[in-house]
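# Residue-level structure breakdown
So you can see what is in the structure, the chains are spelled out below.
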Amino acid sequence: MKKRLFLPLLAAALLSSCKNNSADECSFYAMDTYITLKAYGDGAAQANEEAQKKIKELSSELDPYVEGSAIQSLNLNGKADTAGEVRGLIEASVGLSERTSDVFDITILPLKKLWGFDTGVLYIPSAQEIAQAQSLIGSDRILISESGQIELGEGQKIDPGAVAKGYACDVVKKIYADRGVESAILSLGGNVMAIGQGPDKSSWSVGISDPEGGTDYLCVLSVTDKCVVTSGNYRRYLTDDEGRRYGHIIDPESGRPAESDIVSATVICESGTVADALSTAVFVMGSEKAIDFYKNSDDIDIILYLSDGRLLASEGIAGQISATKTVIQTIKH
Ligand code: ADP
Ligand code: MG
(Lines give C-alpha, C1' and ligand atoms only; values in the text may rest on other atoms or scores of the structure.)
(Ligands and ions follow the chains in the order given, each with its own letter.)
Protein backbone atom coordinates (compact mmCIF):
# COMPACT_ATOMS: atom_id res chain seq x y z
CA MET A 1 0.00 0.00 0.00
CA LYS A 2 1.46 3.25 -0.99
CA LYS A 3 1.76 5.85 1.66
CA ARG A 4 3.12 9.34 1.61
CA LEU A 5 6.06 9.82 3.83
CA PHE A 6 6.42 13.51 4.40
CA LEU A 7 3.52 15.66 5.34
CA PRO A 8 3.56 19.26 4.18
CA LEU A 9 4.04 20.08 7.86
CA LEU A 10 6.92 17.69 8.22
CA ALA A 11 8.55 18.84 5.01
CA ALA A 12 8.54 22.35 6.41
CA ALA A 13 10.09 21.14 9.64
CA LEU A 14 12.77 19.31 7.73
CA LEU A 15 13.51 22.28 5.53
CA SER A 16 14.01 24.57 8.46
CA SER A 17 16.25 22.12 10.23
CA CYS A 18 18.35 21.51 7.12
CA LYS A 19 20.19 24.79 7.71
CA ASN A 20 22.19 23.20 10.49
CA ASN A 21 22.21 19.64 9.34
CA SER A 22 23.52 18.35 6.06
CA ALA A 23 20.88 16.10 4.54
CA ASP A 24 21.21 13.81 1.59
CA GLU A 25 18.06 12.69 -0.17
CA CYS A 26 17.49 10.36 -3.08
CA SER A 27 14.40 8.91 -4.73
CA PHE A 28 14.15 6.02 -7.14
CA TYR A 29 11.86 3.19 -8.21
CA ALA A 30 12.52 -0.37 -7.03
CA MET A 31 10.65 -3.23 -5.32
CA ASP A 32 7.59 -2.24 -7.30
CA THR A 33 7.27 1.12 -5.56
CA TYR A 34 8.68 4.63 -5.14
CA ILE A 35 11.45 4.81 -2.62
CA THR A 36 12.86 7.84 -0.83
CA LEU A 37 15.91 7.81 1.42
CA LYS A 38 16.82 10.82 3.52
CA ALA A 39 19.85 10.73 5.79
CA TYR A 40 21.56 13.35 7.94
CA GLY A 41 25.08 14.05 9.07
CA ASP A 42 28.55 13.04 7.92
CA GLY A 43 28.56 10.03 5.68
CA ALA A 44 24.91 10.46 4.68
CA ALA A 45 25.59 10.74 0.93
CA GLN A 46 27.82 7.70 0.85
CA ALA A 47 25.41 5.68 3.00
CA ASN A 48 22.49 6.60 0.73
CA GLU A 49 24.45 5.57 -2.34
CA GLU A 50 25.24 2.22 -0.76
CA ALA A 51 21.65 1.85 0.46
CA GLN A 52 20.24 2.57 -2.98
CA LYS A 53 22.53 0.00 -4.57
CA LYS A 54 21.58 -2.60 -1.96
CA ILE A 55 17.83 -1.99 -2.34
CA LYS A 56 18.06 -2.37 -6.13
CA GLU A 57 20.03 -5.58 -5.66
CA LEU A 58 17.45 -6.94 -3.20
CA SER A 59 14.66 -5.83 -5.52
CA SER A 60 15.86 -8.18 -8.23
CA GLU A 61 17.22 -11.01 -6.07
CA LEU A 62 13.98 -11.34 -4.11
CA ASP A 63 11.60 -11.04 -7.07
CA PRO A 64 10.28 -14.42 -8.24
CA TYR A 65 9.58 -12.89 -11.67
CA VAL A 66 13.06 -11.52 -12.35
CA GLU A 67 14.97 -13.83 -14.70
CA GLY A 68 17.75 -15.63 -12.83
CA SER A 69 16.96 -14.10 -9.42
CA ALA A 70 17.75 -16.06 -6.28
CA ILE A 71 14.06 -16.62 -5.55
CA GLN A 72 13.24 -17.58 -9.13
CA SER A 73 15.95 -20.22 -9.22
CA LEU A 74 14.89 -21.53 -5.83
CA ASN A 75 11.32 -21.81 -7.13
CA LEU A 76 12.44 -23.52 -10.35
CA ASN A 77 14.81 -26.02 -8.79
CA GLY A 78 13.09 -26.55 -5.47
CA LYS A 79 16.37 -25.98 -3.71
CA ALA A 80 19.29 -23.59 -3.66
CA ASP A 81 22.43 -22.74 -1.76
CA THR A 82 21.69 -19.42 -0.18
CA ALA A 83 23.65 -17.02 1.92
CA GLY A 84 23.38 -13.54 3.33
CA GLU A 85 20.18 -11.66 2.79
CA VAL A 86 18.23 -14.25 0.80
CA ARG A 87 18.72 -16.84 3.49
CA GLY A 88 18.08 -14.31 6.25
CA LEU A 89 14.78 -13.29 4.70
CA ILE A 90 13.57 -16.87 4.26
CA GLU A 91 14.58 -17.86 7.79
CA ALA A 92 12.83 -14.84 9.27
CA SER A 93 9.73 -15.49 7.16
CA VAL A 94 9.45 -19.10 8.28
CA GLY A 95 9.61 -17.90 11.90
CA LEU A 96 6.92 -15.31 11.24
CA SER A 97 4.62 -17.95 9.73
CA GLU A 98 4.94 -19.88 12.93
CA ARG A 99 4.27 -16.77 15.00
CA THR A 100 1.10 -15.99 13.03
CA SER A 101 -0.17 -19.60 12.88
CA ASP A 102 0.47 -19.54 9.10
CA VAL A 103 -1.68 -16.50 8.37
CA PHE A 104 1.46 -14.95 6.91
CA ASP A 105 3.14 -17.45 4.61
CA ILE A 106 5.74 -16.84 1.88
CA THR A 107 4.74 -20.08 0.12
CA ILE A 108 1.60 -18.20 -0.99
CA LEU A 109 2.70 -17.99 -4.65
CA PRO A 110 0.51 -20.84 -6.07
CA LEU A 111 -2.60 -19.11 -4.68
CA LYS A 112 -1.46 -15.68 -5.85
CA LYS A 113 -0.97 -17.10 -9.35
CA LEU A 114 -4.24 -19.03 -9.35
CA TRP A 115 -6.26 -15.86 -8.79
CA GLY A 116 -4.33 -14.01 -11.50
CA PHE A 117 -2.47 -11.58 -9.25
CA ASP A 118 0.79 -12.30 -11.08
CA THR A 119 -0.60 -11.31 -14.49
CA GLY A 120 -3.24 -8.84 -13.33
CA VAL A 121 -6.01 -10.79 -15.07
CA LEU A 122 -8.57 -12.01 -12.54
CA TYR A 123 -9.45 -15.70 -12.60
CA ILE A 124 -12.16 -17.09 -10.32
CA PRO A 125 -11.00 -20.61 -9.47
CA SER A 126 -13.16 -23.59 -8.55
CA ALA A 127 -13.12 -25.04 -5.03
CA GLN A 128 -11.06 -27.91 -6.39
CA GLU A 129 -8.47 -25.61 -7.92
CA ILE A 130 -8.24 -23.69 -4.65
CA ALA A 131 -7.75 -26.90 -2.67
CA GLN A 132 -5.06 -28.04 -5.10
CA ALA A 133 -3.12 -24.74 -4.71
CA GLN A 134 -3.67 -24.79 -0.94
CA SER A 135 -2.05 -28.22 -0.73
CA LEU A 136 1.22 -26.51 -1.74
CA ILE A 137 1.08 -23.87 1.00
CA GLY A 138 2.95 -24.25 4.28
CA SER A 139 6.37 -22.84 5.07
CA ASP A 140 6.84 -25.51 7.75
CA ARG A 141 7.81 -27.70 4.77
CA ILE A 142 10.81 -25.48 3.93
CA LEU A 143 14.05 -27.11 5.05
CA ILE A 144 17.00 -24.89 5.90
CA SER A 145 20.30 -26.66 6.52
CA GLU A 146 23.15 -25.34 8.66
CA SER A 147 25.22 -24.80 5.52
CA GLY A 148 22.54 -22.54 4.02
CA GLN A 149 20.88 -24.94 1.63
CA ILE A 150 17.19 -24.28 1.34
CA GLU A 151 14.84 -26.93 0.09
CA LEU A 152 11.19 -26.24 -0.61
CA GLY A 153 8.48 -28.85 -0.13
CA GLU A 154 7.32 -30.71 -3.26
CA GLY A 155 5.84 -28.21 -5.73
CA GLN A 156 6.20 -25.22 -3.40
CA LYS A 157 7.01 -21.72 -4.67
CA ILE A 158 7.71 -18.66 -2.62
CA ASP A 159 6.84 -15.00 -2.96
CA PRO A 160 8.42 -12.70 -0.39
CA GLY A 161 6.26 -9.73 -1.50
CA ALA A 162 4.67 -9.24 1.92
CA VAL A 163 7.98 -8.95 3.75
CA ALA A 164 10.68 -7.89 1.26
CA LYS A 165 10.31 -4.11 1.69
CA GLY A 166 10.38 -4.34 5.48
CA TYR A 167 13.39 -6.63 5.30
CA ALA A 168 15.13 -4.13 3.01
CA CYS A 169 14.48 -1.44 5.65
CA ASP A 170 16.38 -3.52 8.22
CA VAL A 171 19.27 -4.10 5.79
CA VAL A 172 19.50 -0.37 5.07
CA LYS A 173 19.32 0.46 8.77
CA LYS A 174 22.44 -1.65 9.24
CA ILE A 175 24.20 0.17 6.38
CA TYR A 176 23.46 3.51 8.07
CA ALA A 177 24.71 2.19 11.41
CA ASP A 178 27.93 0.93 9.82
CA ARG A 179 28.45 4.35 8.20
CA GLY A 180 27.77 6.21 11.45
CA VAL A 181 24.52 7.75 10.21
CA GLU A 182 22.30 8.18 13.26
CA SER A 183 19.39 10.10 11.79
CA ALA A 184 17.56 8.96 8.66
CA ILE A 185 14.12 8.23 7.31
CA LEU A 186 13.23 5.93 4.46
CA SER A 187 9.99 5.30 2.67
CA LEU A 188 9.43 2.18 0.59
CA GLY A 189 5.81 2.28 -0.47
CA GLY A 190 3.74 1.59 2.64
CA ASN A 191 6.86 0.99 4.73
CA VAL A 192 8.49 3.87 6.61
CA MET A 193 11.61 3.29 8.69
CA ALA A 194 12.50 6.12 11.06
CA ILE A 195 16.07 5.80 12.28
CA GLY A 196 17.11 7.61 15.44
CA GLN A 197 15.69 11.05 16.06
CA GLY A 198 14.84 13.69 13.51
CA PRO A 199 17.62 16.15 12.59
CA ASP A 200 16.40 18.69 15.14
CA LYS A 201 16.43 16.02 17.87
CA SER A 202 12.67 15.59 17.76
CA SER A 203 10.58 12.62 16.74
CA TRP A 204 9.81 11.83 13.14
CA SER A 205 6.29 12.42 11.87
CA VAL A 206 4.85 9.67 9.73
CA GLY A 207 1.48 9.98 8.03
CA ILE A 208 -0.77 6.98 7.43
CA SER A 209 -2.73 7.26 4.19
CA ASP A 210 -6.46 7.70 4.32
CA PRO A 211 -7.85 4.84 2.22
CA GLU A 212 -10.73 7.12 1.21
CA GLY A 213 -8.78 10.23 0.34
CA GLY A 214 -6.02 10.76 -2.18
CA THR A 215 -3.73 13.07 -0.27
CA ASP A 216 -5.29 12.97 3.17
CA TYR A 217 -4.04 11.11 6.21
CA LEU A 218 -5.86 8.84 8.60
CA CYS A 219 -3.55 10.13 11.29
CA VAL A 220 0.00 11.25 11.93
CA LEU A 221 2.37 9.32 14.20
CA SER A 222 5.29 10.66 16.13
CA VAL A 223 8.03 8.01 16.29
CA THR A 224 11.74 7.43 16.88
CA ASP A 225 13.60 4.31 15.84
CA LYS A 226 10.54 2.51 14.58
CA CYS A 227 9.31 0.99 11.36
CA VAL A 228 5.71 1.82 10.46
CA VAL A 229 4.09 -0.49 7.90
CA THR A 230 0.56 -0.33 6.52
CA SER A 231 -1.25 -3.06 4.58
CA GLY A 232 -4.65 -2.99 3.00
CA ASN A 233 -6.60 -3.98 -0.06
CA TYR A 234 -7.71 -0.51 -1.10
CA ARG A 235 -5.05 0.14 -3.74
CA ARG A 236 -4.07 -3.22 -5.13
CA TYR A 237 -7.00 -5.35 -6.21
CA LEU A 238 -8.61 -6.88 -9.29
CA THR A 239 -12.26 -6.35 -10.25
CA ASP A 240 -14.75 -8.77 -11.83
CA ASP A 241 -17.45 -7.95 -14.40
CA GLU A 242 -19.91 -6.99 -11.66
CA GLY A 243 -17.42 -4.62 -10.07
CA ARG A 244 -16.62 -6.88 -7.10
CA ARG A 245 -13.13 -6.31 -5.74
CA TYR A 246 -10.58 -9.03 -5.07
CA GLY A 247 -7.69 -7.74 -2.95
CA HIS A 248 -4.09 -8.90 -3.35
CA ILE A 249 -3.75 -10.13 0.24
CA ILE A 250 -4.77 -13.77 0.45
CA ASP A 251 -6.05 -15.78 3.40
CA PRO A 252 -4.17 -19.10 3.20
CA GLU A 253 -6.92 -20.80 5.22
CA SER A 254 -9.73 -20.02 2.78
CA GLY A 255 -7.44 -19.85 -0.25
CA ARG A 256 -9.29 -16.68 -1.27
CA PRO A 257 -8.53 -12.96 -1.15
CA ALA A 258 -8.88 -12.04 2.53
CA GLU A 259 -12.29 -10.75 3.52
CA SER A 260 -11.38 -8.55 6.43
CA ASP A 261 -13.27 -5.99 8.48
CA ILE A 262 -9.98 -4.04 8.46
CA VAL A 263 -9.52 -1.47 5.70
CA SER A 264 -6.00 -0.49 6.72
CA ALA A 265 -3.73 -2.34 9.15
CA THR A 266 -0.61 -0.65 10.50
CA VAL A 267 2.05 -2.35 12.59
CA ILE A 268 4.74 -0.34 14.36
CA CYS A 269 7.85 -1.99 15.72
CA GLU A 270 11.64 -1.79 15.65
CA SER A 271 12.08 -4.49 13.05
CA GLY A 272 10.99 -3.69 9.50
CA THR A 273 10.76 -7.39 8.68
CA VAL A 274 8.40 -8.06 11.57
CA ALA A 275 6.31 -4.93 10.93
CA ASP A 276 5.87 -5.79 7.24
CA ALA A 277 4.97 -9.46 7.70
CA LEU A 278 2.67 -8.69 10.61
CA SER A 279 0.82 -5.84 8.91
CA THR A 280 -0.13 -8.28 6.16
CA ALA A 281 -1.03 -10.95 8.74
CA VAL A 282 -3.07 -8.57 10.92
CA PHE A 283 -5.07 -7.54 7.85
CA VAL A 284 -5.91 -11.18 7.12
CA MET A 285 -6.81 -11.90 10.76
CA GLY A 286 -9.52 -9.26 10.95
CA SER A 287 -9.93 -7.00 13.98
CA GLU A 288 -10.94 -9.49 16.64
CA LYS A 289 -8.06 -11.90 16.09
CA ALA A 290 -5.67 -9.01 15.40
CA ILE A 291 -6.41 -7.47 18.82
CA ASP A 292 -5.83 -10.84 20.53
CA PHE A 293 -2.62 -11.22 18.57
CA TYR A 294 -1.45 -7.78 19.73
CA LYS A 295 -2.29 -8.64 23.33
CA ASN A 296 -0.11 -11.73 23.08
CA SER A 297 2.82 -9.79 21.56
CA ASP A 298 5.27 -7.55 23.35
CA ASP A 299 7.15 -5.99 20.44
CA ILE A 300 4.44 -4.31 18.37
CA ASP A 301 1.84 -1.58 18.34
CA ILE A 302 -1.07 -1.60 15.91
CA ILE A 303 -3.43 0.88 14.31
CA LEU A 304 -6.56 -0.51 12.67
CA TYR A 305 -8.98 1.42 10.49
CA LEU A 306 -12.16 -0.64 10.25
CA SER A 307 -14.83 -0.81 7.59
CA ASP A 308 -17.37 0.59 10.10
CA GLY A 309 -15.27 3.80 10.28
CA ARG A 310 -13.65 3.15 13.68
CA LEU A 311 -9.98 3.95 14.19
CA LEU A 312 -8.32 1.79 16.86
CA ALA A 313 -4.79 2.25 18.21
CA SER A 314 -2.91 0.19 20.78
CA GLU A 315 -1.97 1.94 23.99
CA GLY A 316 1.77 2.09 23.22
CA ILE A 317 1.17 4.38 20.23
CA ALA A 318 -2.20 6.01 20.97
CA GLY A 319 -0.56 8.88 22.88
CA GLN A 320 1.72 9.67 19.93
CA ILE A 321 -0.98 10.15 17.35
CA SER A 322 -2.24 13.50 16.08
CA ALA A 323 -4.28 14.91 13.22
CA THR A 324 -6.68 11.99 13.24
CA LYS A 325 -9.49 11.68 10.75
CA THR A 326 -11.79 10.41 13.47
CA VAL A 327 -11.74 9.78 17.24
CA ILE A 328 -9.29 7.10 18.28
CA GLN A 329 -10.31 4.18 20.45
CA THR A 330 -7.45 2.80 22.51
CA ILE A 331 -6.73 -0.92 22.59
CA LYS A 332 -5.34 -1.92 25.99
CA HIS A 333 -2.60 -4.51 26.18
P1 ADP B 1 2.39 -4.37 -0.23
O2 ADP B 1 3.48 -5.28 -0.74
O3 ADP B 1 1.45 -3.88 -1.25
O4 ADP B 1 2.94 -3.29 0.65
P5 ADP B 1 1.82 -6.41 1.73
O6 ADP B 1 3.09 -6.21 2.47
O7 ADP B 1 0.60 -6.58 2.55
O8 ADP B 1 1.49 -5.24 0.73
O9 ADP B 1 2.05 -7.69 0.82
C10 ADP B 1 1.08 -8.18 -0.07
C11 ADP B 1 1.74 -9.14 -1.04
O12 ADP B 1 2.23 -10.28 -0.32
C13 ADP B 1 0.80 -9.68 -2.07
O14 ADP B 1 0.82 -8.92 -3.25
C15 ADP B 1 1.32 -11.09 -2.30
O16 ADP B 1 2.41 -11.08 -3.18
C17 ADP B 1 1.83 -11.49 -0.94
N18 ADP B 1 0.82 -12.11 -0.06
C19 ADP B 1 -0.54 -12.10 -0.19
N20 ADP B 1 -1.12 -12.75 0.83
C21 ADP B 1 -0.12 -13.20 1.63
C22 ADP B 1 -0.09 -13.94 2.86
N23 ADP B 1 -1.19 -14.35 3.47
N24 ADP B 1 1.15 -14.22 3.39
C25 ADP B 1 2.27 -13.82 2.78
N26 ADP B 1 2.30 -13.12 1.63
C27 ADP B 1 1.13 -12.80 1.07
MG1 MG C 1 3.56 -6.77 4.46
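### A look at the overall build of the protein chain
The helix and strand inventory of the protein chain stands at ten helices and 19 strands. On the principal axes, the C-alpha backbone points of the protein chain span a range of 60 × 45 × 40 Å. Taking all contacts inside the protein chain whose residues are at least 6 apart in sequence as the whole, residues at least 24 apart take part in 62%. In the form shown here, the protein chain has an accessible surface area of approximately 14,900 Å², with 46% of it arising from carbon and sulfur atoms. Charge separation in the protein chain, taken as the distance between the mean sites of 31 positive and 47 negative side-chain charges, equals 4 Å.

### Comments concerning the site of ligand 1
Lining the immediate surroundings of ligand 1 are 18 residues, of which Asp159, Ser231, Arg236, Ile250 and Thr280 lie closest. Within the backbone of aspartate 105, an N or O atom sits 3.0 Å from a nitrogen atom of ligand 1. Between an oxygen atom of ligand 1 and a side-chain N or O atom of lysine 165, the distance comes to 2.9 Å. Notes on ligand 1: free accessible area 570 Å², of which the protein chains cover 98%. The cavity that encloses ligand 1 is the largest pocket. Of the residues contributing to the shell around ligand 1, the split by class is eight nonpolar, four polar and six charged. Looking at the shell around ligand 1, you find at least three residues from each of domain 1 (12-61 + 181-331) and domain 2 (70-162).

### Some thoughts on the sheet that holds strand E4 (residues 143-144)
Strand order in the open sheet made by the three strands is E3-E5-E4, with antiparallel pairing throughout. Looking at strand neighbours, the two that pair on one side only are strand E3 (79-81) and E4, the edges of this open sheet.

### Side note on the layout of surface pockets
Volume-wise, the largest pocket comes out at about 900 Å³. What lines the largest pocket is a set of 39 residues, among which Lys112, Asp159, Gly161, Ala162 and Arg236 lie closest to the centre. Mapped by element, the contributors of at least two residues to the lining of the largest pocket are helix H2 (44-61), helix H7 (164-178), strand E10 (226-232), strand E11 (237-239) and helix H8 (272-285). A per-class count over the lining of the largest pocket returns 21 nonpolar, nine polar and nine charged. When residues are assigned to domains, the lining of the largest pocket turns out to be shared by domain 1 (12-61 + 181-331) and domain 2 (70-162), each giving three or more. A volume near 390 Å³ is recorded for the second largest pocket.

Cut-off values and rules
Residues numbered from 1 in each chain as written. Chains lettered and ligands numbered in written order. Predicted model: local features only at pLDDT ≥ 70, side-chain atom pairs only at ≥ 80, totals over all residues. Heavy atoms only, no water. Helix = DSSP H or I, 4+ residues; strand = E, 2+ residues; numbered from the N terminus. Contact = heavy atoms within 4.5 Å. Areas by Shrake-Rupley, 256 points an atom, 1.4 Å probe, with all protein chains shown as cover. Lys, Arg positive; Asp, Glu negative; His and termini not counted. Charge placed at Lys NZ, Arg CZ, Asp CG, Glu CD. Near = heavy atom within 4 Å. Polar contact = N/O pair within 3.5 Å; in protein donor to acceptor, adjacent residues only side chain to side chain. 1 Å grid on protein atoms, 1.4 Å probe; cavity = no way out; pocket = protein on both sides within 12 Å on 5 of 7 lines; lining within 4 Å. Sits in = over half its atoms within 2 Å of the grid points. Nonpolar A, V, L, I, M, F, W, Y, C, P; charged D, E, K, R; others polar. Domains from an automatic or database assignment. Pairing = 2+ DSSP bridges. Points joined across faces, edges and corners; volume = space filled by probe spheres on them.

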